[in-house]
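Examination of the molecular architecture
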Amino acid sequence: MKKFFETLASIWKIEELKNKILITLGLLLVYRFGTQVTLPGIDATKLHALTQQTDQGIGWLINVFTGGAFAQASVFALGIMPYISASIVVQLMGIAVPYLQKLQNDGESGRKKMNQITRWLTIGITLLQGPSYIYNLYVQLPPDAFLLGFNSFSFLFSSVIILVTGTVFAMWLGEKITDKGIGNGISLLIMVGIIARLPMSFIQEFQSRITENNGGPMLVVIEVILWLLIIVACIYLTLAVRRIPVQYARRSASGTYDQSMLGGNRQWIPLKLNASGVMPIIFAQAIMFVPAAVAGLSTSDTAKSISTTFHNVFGWEYNALFALLIIIFTYFYTAITVPTNKMADDLKRSGGFIPGVKPGSETGDFLDRIMSLITFPGSLYLALIAVFPAIVVSLLGVQQGWAMFYGGTSLLIMVSVVIDTIQQVNAYLLNRQYDNMLTSGKNRRATA
């Protein structure tokens, strides 16, 4: 604990880092305030039906990623998810579209153009999702909840414009956190929304165990311990790497030198066990939304059965298919994001080689084979964490809201964002330490 407070004191002494943290907290506060602002024309006291829709299942997932704004009929009701969808689409199109491939290889200028394309696509996706959200309000809320009149065109038009503006503003907040704050602005917005639901979910679970004589405090303690163990497992999954040794060619030198200085420099290529992060879960979750949406368009018994199955995110049929899709998408996303051939070419140009493997194409094949081998256990591990909420609901009878924090995208996003933020703060502290060493060295030379 003493070291923790010493670290906080060190952070507060670094003016630049302190300002970045304060800017980040301020922008996050603005975002959280916006999630509580209801759309003009909606009676905020009559959102009970909308809240019930987001108590469990798919509605709960959507509400978590919007930080509760979905259930509040907020100006940020669509959250940052249209931007995430646009980013995924642009990234996938970069594989097949030559123009986007060229932009990816153009450095900083290409990245700026890619960001601009993503922003415009975000607006397009929001324009499609906005009317769908308003239609959901018409279905869920009573007619007297609409102050401008039920099915009013003026309400529909103005609300869609506000929803688009809210998403664009949230996107701007995320980019400003990345530029002026401590980085990962979009991820931080999602994480804050997830964490905002955590206290209430735990309180509801605690009350259920205590007041309903459903296991008592001891079972709550067991649940918390199990939750902490799952967090530790997620940390290991996020940080686990397979280190591939790399040897660099010996250098020639003239004169009298220590021969140990002339040897090849040995380093490592770290191949992550989970190189795809949470993207396979996001892809799989998006696919799992489709059957329920399509089945909802029909009134047949088969369609109703499909709709019921895919709305029950804790059912074994849903989770078996969910886990299979995660494994498939893990291989797919790893294949498109880990360029083993490019890694081999860069290694060859820099004079490096893997001991026992010829530089060039054989090195690329070797790295690809190793990546495939470590991706298999990584995908199984990821699938297990994704379906673990269904396991704890089935075995321990945990409430669905609290169970969602035992795995899946929610927990992995929280863990990965926290780890990355800590690493960035440590990098600032390390740079500060080196700066102090250089400054003190200059002072010593000056005094000498």
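Residues numbered from 1 in each chain as written. Predicted model: local features only at pLDDT ≥ 70, side-chain atom pairs only at ≥ 80, totals over all residues. Heavy atoms only, no water.

A few points about the overall build of the protein
When its secondary structure is counted, the protein shows 17 helices and three strands. When the backbone C-alpha atoms are referred to their principal axes, the protein occupies close to 90 × 55 × 55 Å. Taken over 448 residues, the protein has a buried fraction of 43%. Sequence separation of 24 or more characterises 73% of the internal contacts of the protein that already satisfy a separation of 6 or more. For the protein, the exposed surface amounts to about 24,200 Å²; the carbon and sulfur share of it is 64%. Across the protein, the mean location of the 32 positive side-chain charges is 11 Å away from that of the 23 negative side-chain charges. (Helix = DSSP H or I, 4+ residues; strand = E, 2+ residues; numbered from the N terminus. Buried < 20%, exposed > 50% of the residue type's maximum accessible area, 1.4 Å probe, protein only. Contact = heavy atoms within 4.5 Å. Areas by Shrake-Rupley, 256 points an atom, 1.4 Å probe, with all protein chains shown as cover. Lys, Arg positive; Asp, Glu negative; His and termini not counted. Charge placed at Lys NZ, Arg CZ, Asp CG, Glu CD.)

Concerning the packing of aromatic side chains
Enumeration over the complete set of coordinates arrives at 14 aromatic pairs. Centre to centre, the rings of Phe146 and Phe155 are 5.4 Å apart; their planes meet at 80°, and the pair counts as edge-to-face. By the burial criterion, Phe146 is buried, and Phe155 matches it. For the pair Phe202 and Trp402, a centre-to-centre distance of 5.2 Å together with 65° between the ring planes defines the contact as edge-to-face. With Phe202 in helix H9 (residues 185–211) and Trp402 in helix H16 (residues 400–403), this pair connects stretches of sequence that are 200 residues apart. An aromatic cluster is defined as three or more aromatic residues linked by ring pairs; in this entry it consists of Phe202, Phe206, Trp227, Trp402, Phe405 and Tyr406. Directly above the aromatic system of Trp268 lies the positively charged group of Arg243, at a separation of 4.4 Å from the ring centroid. (Phe/Tyr/Trp six-rings, centres within 6.5 Å; stacked < 30°, edge-to-face > 60°. Lys NZ or Arg CZ within 6 Å of the ring centre and 35° of its normal.)

Section: the nonpolar core
The tendency in soluble globular proteins is for nonpolar side chains to be buried side by side. Of all hydrophobic cores here, the largest spans 90 residues; its most connected members are Ile42, Ile80, Tyr133, Ile134, Leu137 and Phe322. Of the domains in this structure, domain 1 (13–182) and domain 2 (200–249 + 266–435) are the two that each give at least three residues to this core. Leaving out residues up to four positions away in the same chain, Ile134 has contacts with Leu39, Phe155, Leu156, Ser159, Val160 and Leu163. Ranked by size, the runner-up nonpolar core spans 13 residues in total, among them Ile244, Val357, Ile370 and Ile374. (Core = buried A, V, L, I, M, F, W, Y, C linked by side-chain atoms within 4.5 Å. Domains from an automatic or database assignment.)

Digging into the domain arrangement of the protein
According to the domain assignment, the protein contains domain 1 (13–182) and domain 2 (200–249 + 266–435). Its C-alpha centre places domain 1 at a distance of 24 Å from the equivalent point of domain 2. For the pair domain 1 and domain 2, the two sides together bury roughly 1,900 Å², of which 78% comes from carbon and sulfur. Between domain 1 and domain 2 we count zero salt bridges in total. Scanning the region where domain 1 abuts domain 2 turns up one residue pair in polar contact (both at pLDDT 80 or more). Looking at the side of domain 1 that touches domain 2, the elements with two or more residues in it are helix H2 (15–34), helix H4 (57–65) and helix H5 (81–96). (Buried area = accessible area lost by both parts, 1.4 Å probe. Salt bridge = Lys/Arg side-chain N within 4 Å of Asp/Glu carboxyl O. Polar contact = N/O pair within 3.5 Å; in protein donor to acceptor, adjacent residues only side chain to side chain.)

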